[in-house]
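For reference, the chains in residue letters:
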Amino acid sequence: MPPACWARRWGQAPLSRDRRLRRAALLAGVAITTPAAATLPLASAARTLNPQPQPTWTAAAAAAASIDDLTPARVERFADKHGRTFAVGSDIAGIDLSRYARIVAATIHGDEIERVQVLVATDEQLVDLCGRGAAACYYGADDGSGWGQINVAASDRDIRHSLLHEYGHHLDNQLVGLGRGVRFGQLSCAVGADGSRRWLFARERQSQIVARRRVGCSASTPWRRLLPELFAEDYAYANGIREWELRLFAPPRRATLAALRADLARPFRPRTVVWRGRVAAGGALVRTLALTAPTFLRATAEARRGLRLALSLARRGRRVAGASGSGASERAAALVPAGRYQLSLRSLGGSGAFRVRIELR
Ligand SMILES: [Zn+2]
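Small disclaimer: the values here were computed from a predicted structure and weren't measured.

Looking at the coordination of the zinc ion
The zinc ion binds to the protein through His165 (NE2), His169 (NE2) and Glu229 (OE), with metal-donor distances spanning 2.0 to 2.1 Å. Counting residues between consecutive donors of the zinc ion along the chain gives the motif H-x3-H-x59-E. With histidine 165 in helix 3 (residues 159-172) and glutamate 229 in helix 5 (residues 227-238), the pair connects residues that are 64 residues apart, well separated along the chain. Judged by relative accessible area, which is 0%, histidine 165 ranks as buried.

Structural data, given as structure tokens:
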């Protein structure tokens with residue numbers, strides 16, 4: 001089966017992707033509504049690895065295609081070795097759901113496993129959920145909850161790869177690669193379609209995905225060039241899958257995989273720091289910033305009337321970014337690798353209170 005996939009739209013963001021979708025155009029007309037927050041009761045709780053008192057199925061894939069009853073006939077709750085639980089459900093009578101749960105529980109994962117549920121579908125259901133020609137797909141909520149549903153087919157003969165790939169999309173839905181409103185070259189992506197931060201820059205070093213405009217993250221990007229698909233396949237690779245399907249790119253190098261693992265262990269989170277103080281006439285102050293991942297840094301200084309400021313950013317004594325502005329409102333911005341930086345603020349004239357807003361995005 002040739003590799004292809006599709007980022008299906010849910011609201012404004014590409015949120016679900018199908019693995020190996022041959023005829024992506026078929027999906028274009030499928031409407032998916034906002035997920036309902038309600039959880040639905042469990043039909044049966046037999047054969048769980050670690051039975052939980054109230055297993056639930058979240059309507060994360062609400063109104064997808066023509067599936068009328070979104071709660072599978074049977075839902076079982078399973079746990080990973082740390083006791084984090086997740087649901088697997090199916091309408092298929094007698095199916096052994098623990099087989100799927102074991103694969104999911106054995107992935108490289110964190111607490112986000114508790115925000116995923118797996119639907120093991122019939123072939124017909126999978127077409128409804130993922131489109132014709134898709135091997136599997138993922139629905140991710142774009143409400144910031146991180147909830148998602150993996151849809152796979154019971155007939156899938158490559159089920160481990162499918163589950164790992166789709167779990168990669170689930171991780172993408174948790175992690176910030178670029179983040180909202182951040183542009184990097186041609187890329188400006190939804191959180192669920194932007195990979196993860198250290199991985200993104202490691203992949204850039206390996207494959208010049210941005211410098212050579214090799215990837216995109218919009219609905220019009222072909223599957224084989226989609227950034228979230230590259231992330232999902234790199235994640236599957238990190239889990240031991242050696243069947244490499246994205247022929248336009250080389251498989252991930254060790255450094256790329258290490259960056260991905262670092263993102264899972266210590267996710268990058270955008271933050272804003274406000275630095276307030278007073279500066280004497282002709283005086284200077286320094287604030288150290290310890291950045292653990294590549295960061296889009298922007299510092300904006302606001303001064304009282306009569307005070308003129310200069311901002312600059314340095315690393316190991318070397319200037320990384322200077323400021324531009326009137327002196328009363330100064331701004332320094334740079335895309336910087338991980339490291340320790342010194343943000344300096346100098347009075348060019350006058351003394352008094354200042355406020356520097358440091359956006360680490
Ligand atoms: Zn995919």
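After that view, the rundown keeps rolling.
What to know about the side chain of serine 347
Looking at where serine 347 falls in the secondary structure, it is placed in strand 16 (residues 339-349). At 3.4 Å, the side chain of serine 347 forms a polar contact with the backbone nitrogen of glycine 282. Not counting residues within four places of it along the chain, the set of residues in contact with serine 347 comprises Val279, Ala280, Ala281, Gly282, Gly283, Leu307, Arg308 and Leu309.

Let's talk about the nonpolar core
Residues Val88, Val152, Leu163, Leu187, Leu200 and Leu227 are the most contacted members of the largest nonpolar core, which totals 52 residues. With seven residues, helix 5 is the largest single contributor of residues to this core. Residues in contact with leucine 200, not counting those within four places in the same chain, are Gly177, Leu178, Phe184, Leu187, Ile209 and Leu227. Counting residues in hydrophobic clusters, the runner-up holds 24 residues, among them Ala299, Ala301, Ala332 and Ala334.

A word on the pattern of salt bridges
Within the structure shown, the criterion is met by six salt bridges. The residue glutamate 76 makes a salt bridge to arginine 74 at a minimum N-O spacing of 2.8 Å. A residue is classified by how much of its surface remains accessible, and glutamate 76, at 2% relative accessible area, is buried. Assessed through its relative accessible area of 15%, arginine 74 is described here as buried. Salt-bridge contacts for arginine 198 lead to aspartate 263; the nearest nitrogen and oxygen are separated by 2.8 Å. Highlighted residues: arginine 198 in helix 4 (residues 197-207) and aspartate 263 in helix 6 (residues 254-265), separated in sequence by 65 residues. Aspartate 263 carries the same exposure label as arginine 198, and that label is buried. Each of the salt bridges in this network shares a partner with another, and the network as a whole consists of Asp80, Arg84 and Asp111.

Focus: unusual backbone geometry
Positive phi values are uncommon outside glycine, yet glutamine 208 reaches one of about 45 degrees. Locating glutamine 208 in the fold gives a position in the loop between helix 4 and helix 5. Located in the positive-phi region is arginine 316, a residue other than glycine, with phi close to 50 degrees. Among the structural elements, arginine 316 can be located in the loop between strand 13 (308-315) and strand 14 (318-325). You can call arginine 316 exposed: its relative accessible area is 71%.

Some details on the state of the cysteines
For the structure on display, the rule yields two disulfides. Shown here is the disulfide that connects cysteine 130 with cysteine 137, its sulfur atoms set 2.1 Å apart. As the torsion about the S-S bond is roughly -70 degrees, the cysteine 130-cysteine 137 disulfide counts as left-handed. Paired through a disulfide, cysteine 189 and cysteine 217 show a sulfur-sulfur distance of 2.1 Å. Here cysteine 189 and cysteine 217 share a disulfide; its torsion about the S-S bond, -90 degrees, makes the bridge left-handed. Here cysteine 217 lies in the loop between helix 4 and helix 5 and cysteine 189 lies in the loop between helix 3 and helix 4, a separation of 28 residues in the sequence. With respect to class, cysteine 189 is no different from cysteine 217; both count as buried.

With respect to the packing of aromatic side chains
This structure, assessed with the given rule, holds eight aromatic pairs. Taken together, Phe184, Phe201 and Phe296 form an aromatic cluster joined through their ring pairs. For the cation-ring pair, arginine 99 lies above tyrosine 100, with the distance from its terminal atom to the ring centre recorded as 5.2 Å. A cation over an aromatic ring shows up here: arginine 197 above the ring of phenylalanine 268, its NZ or CZ 4.0 Å from the ring centre.

Focus: the side chain of glutamine 174
Looking at the element boundaries, glutamine 174 is found in the loop between helix 3 and helix 4. At 2.7 Å, the side chain of glutamine 174 forms a polar contact with the backbone oxygen of glycine 146. Each residue touching glutamine 174, except ones within four places of it in the same chain, is listed here: Glu112, Arg115, Tyr138 and Gly146.

The rules behind the values
Residues numbered from 1 in each chain as written. Predicted model: local features only at pLDDT ≥ 70, side-chain atom pairs only at ≥ 80, totals over all residues. Heavy atoms only, no water. Donors = N, O, S within 2.8 Å, 3.2 Å for Na, K, Ca; no water. Helix = DSSP H or I, 4+ residues; strand = E, 2+ residues; numbered from the N terminus. Buried < 20%, exposed > 50% of the residue type's maximum accessible area, 1.4 Å probe, protein only. Polar contact = N/O pair within 3.5 Å; in protein donor to acceptor, adjacent residues only side chain to side chain. Contact = heavy atoms within 4.5 Å. Core = buried A, V, L, I, M, F, W, Y, C linked by side-chain atoms within 4.5 Å. Salt bridge = Lys/Arg side-chain N within 4 Å of Asp/Glu carboxyl O. Disulfide = S-S within 2.5 Å. Phe/Tyr/Trp six-rings, centres within 6.5 Å; stacked < 30°, edge-to-face > 60°. Lys NZ or Arg CZ within 6 Å of the ring centre and 35° of its normal.

Shape descriptors only; they carry no functional weight alone.
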